[in-house]
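These are the residues of each chain, in order.
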Amino acid sequence: MQNQDKSLMENILLLQKGACDLYMHGTIEASTANVQSAFNTALNDALDIQGEIYGKMSAKGWYTTEQAEQQKITKLKNKFSAQ
C-alpha cells in the first residue's frame, strides 16, 4: 500500500510540475496585462500546491535531496559570475 501511495504522490507531483510549466509559459507569452496577471496568479497558486506536495512527500521520506558541497557551489558561482 505504501508503494502505491508513493507512486500516486510521484504522479501528482509530476502533473503539478507540468501545470507550473504551462502557467509559466502563459505568463511569459501573455499579450495583455490582464492575461499575464491571470497566468501569474495561477502560477503562484500552482507553485504553492507543488510545495505542499513536496513537503508531504519529504516528510514521508519519499522525496529526498542531497546537500550540495560548498566547494561545488563556489565553483559554479565563480564560473557564472565570470561570464
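Provided above is the structure to which this section pertains.
Residues numbered from 1 in each chain as written. Predicted model: local features only at pLDDT ≥ 70, side-chain atom pairs only at ≥ 80, totals over all residues. Heavy atoms only, no water.

Quick notes on the overall build of the protein chain
Per the secondary structure count, the protein chain includes three helices and zero strands. Listed N to C, the secondary structure of the protein chain is α-α-α in terms of helices and strands. Its C-alpha radius of gyration of 17 Å places the protein chain more than 25% over the 12 Å reference for a compact globule of 83 residues. Per-residue burial for the protein chain yields a buried fraction of 14% across its 83 residues. Taking the contacts inside the protein chain whose residues are at least 6 apart along the sequence as the reference set, 61% of them involve residues at least 24 apart. (Helix = DSSP H or I, 4+ residues; strand = E, 2+ residues; numbered from the N terminus. Rg over C-alpha atoms; globule rule 2.2 N^0.38 Å. Buried < 20%, exposed > 50% of the residue type's maximum accessible area, 1.4 Å probe, protein only. Contact = heavy atoms within 4.5 Å.)

Quick notes on helix α1 (residues 2-29)
Over its 28 residues, α1 runs 41 Å from end to end, which matches the ideal 40 Å to within 8%, given 1.5 Å per residue. Among all positions of α1, only M9, L13, Q16, C20, G26 and T27 are buried. (Expected span 1.5 Å × (residues − 1).)

Quick look at the packing of aromatic side chains
Enumeration according to the criterion identifies one aromatic pair in this entry. An angle of 85° between the planes, with centres 5.0 Å apart, marks the rings of Y54 and Y63 as edge-to-face. Since its relative accessible area comes to 26%, Y63 is described here as partly exposed. (Phe/Tyr/Trp six-rings, centres within 6.5 Å; stacked < 30°, edge-to-face > 60°.)

Quick notes on the side chain of Q16
Tracing the chain through its elements places Q16 in helix α1. One polar contact links the side chain of Q16 to the main-chain carbonyl oxygen of A46, over a distance of 3.1 Å. Sequence-distant contacts of Q16, that is, excluding residues within four places in its chain, are made with A46, I49, Q50 and I53. (Polar contact = N/O pair within 3.5 Å; in protein donor to acceptor, adjacent residues only side chain to side chain.)

A look at the environment of E69
Tracing the backbone shows E69 in the loop between α2 (33-59) and α3 (70-81). On the basis of relative accessibility, which here comes to 47%, the residue E69 falls in the partly exposed class. Expressed as a C-alpha distance, the spacing of E69 and M57, which sit twelve residues apart in the sequence, is 24 Å.

Quick look at the environment of A30
Along the polypeptide, A30 turns up in the loop between α1 and α2. Each C-alpha atom, one on A30 and one on N40, is 9.8 Å from the other, the two residues being ten residues apart in sequence.

Comments concerning α2
For α2, which comprises 27 residues, the first-to-last C-alpha distance of 39 Å matches the rise-based estimate of 39 Å (1.5 Å per residue) to within 8%. Those residues of α2 that fall on the buried side of the exposure criterion are L43, A46, Q50, I53 and M57. In this fold, the buried residues of α2 make contact with α1. Once α2 finishes, G61 follows within two positions and takes phi at roughly 80°, a positive value.

So yeah, pure geometry; function would need other evidence.
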